[in-house]
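Per-entry structural report
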Amino acid sequence: MHQILKVQISDNNEYLIDISDSSFAKLNQEIFEFTRGQKRLVVMSKKVYNLYSEDLNFDDDEILIFPDGEKEKNYKNYLKIIKRAFQLGLTRKDVIIAVGGGVVGDIAGFAASTYMRGIDFIQIPTTLLSAVDSSVGGKTAIDLPEAKNIVGTFYQPKKVFININFFETLDDKQYFSGLGEVLKYAFIEDCCGYNVPLFLFEFLTLSCTKILEREPLTIIRMIEYCLNLKIAVVTQDEKESCLRKILNFGHTLGHALESITKYKKYTHGQAVVYGMFFIIDWAYKKEYINYSYYRLSMELFEKYGFKPLDKKYPIEKLINIMKKDKKASSDKISFIVPCDKKKVKEIKLTPIEVEFALNDFVK
Ligand code: GLY
């Protein structure tokens, strides 16, 4: 099974996303053809290197093995990539390829966007999370210890190869992290501006068993639906001046939870799920959504085994983190809030309002 999606950012900026379950031999052939005549620097996550280096046809000297973990998305490792590109003699005609999860994709993309003022970049996401989110849409970044994604660019890849065979070695924790981001799309579908209804909420409800069994055709369809929505959003608002913010549904509290636990306790998708629970609950209490949609939403999470946050964190600290978020402005904290079935909107709350809401949420 093979699905090809097109991302058309502007008249002269478009790329294809290839979603498939084809063999690694076929993937190698496609990468070879796509990069014919180019020098390549392949930034590959250590985990992926250990599991798949035999299956992937890259020369050892073009590979830079990259340590796993959010803390590695830093300035020193960025410089390592740039230096290696320079040592290999990459020029403006050449390409950097990221093979791994979101960390590798973000930092390699940032390196590609700045090396010689920008060279070609290819994303090969190997996790469900990076396939449905960070590999598409052109956000690249590195972190500071005190602020995630604080330095970065919007820089679209030239191609994205999503091969779901990589997902076979994802443990449940990583797979469910991806599913957290997948569920997010169900709640925002009607605001994305995609031209036909995909009924993602219903699809995720009805196909839960197959999705949990990782049935290949269902997984490909699920990724295709999510990316159709993401593409619709980023082609209308590449640089997040307005619409793209809806992709941050669940992320305001999610990012704060990741940060307060130093990126060690929760996966990104799990933290986003907690964020969605919180804001859906708030939206129901404030009568933005009715009881039946609130119940359906809770049932969707329950079907996938997700539960609300059951641990209390110092609210003042969480609020301080949220205030520093790139999306916060003039002392107000931005939340993407459900306002109708499959619809969301941005609401800015004062720290006091957030304090009340959090106090009310985790007892
Ligand atoms: N991860 C959200 C975005 O790409 O905008």
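Everything below is about the structure printed above this text.
This section reports on the structure supplied with the text. Remember, predicted model here, so these are calculated numbers, not experimental data.

1. Some words on empty space enclosed by the protein
- All chains considered together, the criterion is met by 4 cavities of 30 Å³ or more.
- In this structure, the largest cavity occupies an estimated 100 Å³ of space.
- Of all the elements in the fold, those that place two or more residues in the lining of the largest cavity are α10 (251–260) and β10 (333–340).
- In the lining of the largest cavity, the residues fall into 4 nonpolar, 5 polar and 3 charged.
- Its boundaries defined by the atoms lining it, the second largest cavity holds a volume of some 60 Å³.

2. So, the layout of surface pockets
- By volume, the second largest pocket is sized at about 150 Å³.
- Every residue lining the second largest pocket is listed: Phe278, Asp281, Trp282, Lys285, Lys286, Leu349, Glu353, Phe356, Ala357, Asp360 and Phe361.
- Secondary structure elements with two or more residues in the lining of the second largest pocket: α11 (268–285) and α14 (351–361).
- Ranked by the residues each element gives to the lining of the second largest pocket, the list is headed by α14, at 5 residues.

3. Description of the pattern of salt bridges
- Considering all chains together, one arrives at 20 salt bridges under this definition.
- Across the salt bridge formed by arginine 295 and glutamate 299, the nearest N and O atoms sit 3.6 Å from each other. One end of the pair, arginine 295, and the other, glutamate 299, are both in helix α12 (residues 291–303), 4 residues apart, so they sit about a helical turn from each other.
- Accessibility expressed as a relative area gives 25% for arginine 295, which makes it partly exposed.
- On the basis of relative accessibility, which here comes to 39%, the residue glutamate 299 falls in the partly exposed class.
- One salt-bridge network, in which partners are shared between bridges, spans Glu70, Lys73, Asp106 and Asp143.

4. Overview of the pairing of strand β8 (residues 147–154)
- Examined bridge by bridge, strand β7 (residues 139–144) and β8 share 5 bridges and lie antiparallel to one another. The residue bridging isoleucine 142 from the neighbouring strand is valine 151, located in β8.
- Taking the residues that link successive antiparallel strands as the turn, the β7-β8 hairpin has 2 residues.

What counts and how
Sequence positions are assigned chain by chain, starting from 1 and proceeding in written order. This being a predicted model, a pLDDT of at least 70 is required before a residue's local features are given, and a value of 80 or more before pairs of side-chain atoms are given or counted; all residues contribute to the totals for chains, interfaces and linings. Side-chain measures here rest on the full set of heavy atoms in the structure, leaving out hydrogens and waters. With a 1 Å grid spanning the protein atoms alone, the term cavity applies to any set of points in which a 1.4 Å probe fits but cannot get out, the term pocket to an open set with protein on both sides within 12 Å along at least five of seven lines, and the term lining residue to any residue with an atom within 4 Å of a point. Grid points are joined across faces, edges and corners, and a volume is the space filled by probe spheres set on the points. Helix numbering and strand numbering both begin at the N terminus, where a helix is a DSSP run of H or I of at least 4 residues and a strand a DSSP run of E of at least 2. Residues are sorted three ways: Asp, Glu, Lys and Arg are charged, Ala, Val, Leu, Ile, Met, Phe, Trp, Tyr, Cys and Pro are nonpolar, and all the rest, Gly among them, are polar. Any Lys or Arg side-chain nitrogen found within 4 Å of a carboxyl oxygen on Asp or Glu counts as a salt bridge. For each residue, the accessible area found with a 1.4 Å probe, counting protein chains only, is set against the maximum for its type, and the residue is called buried under 20%, exposed over 50%, and partly exposed in between. Two strands are said to pair when DSSP picks up at least two bridges between them.

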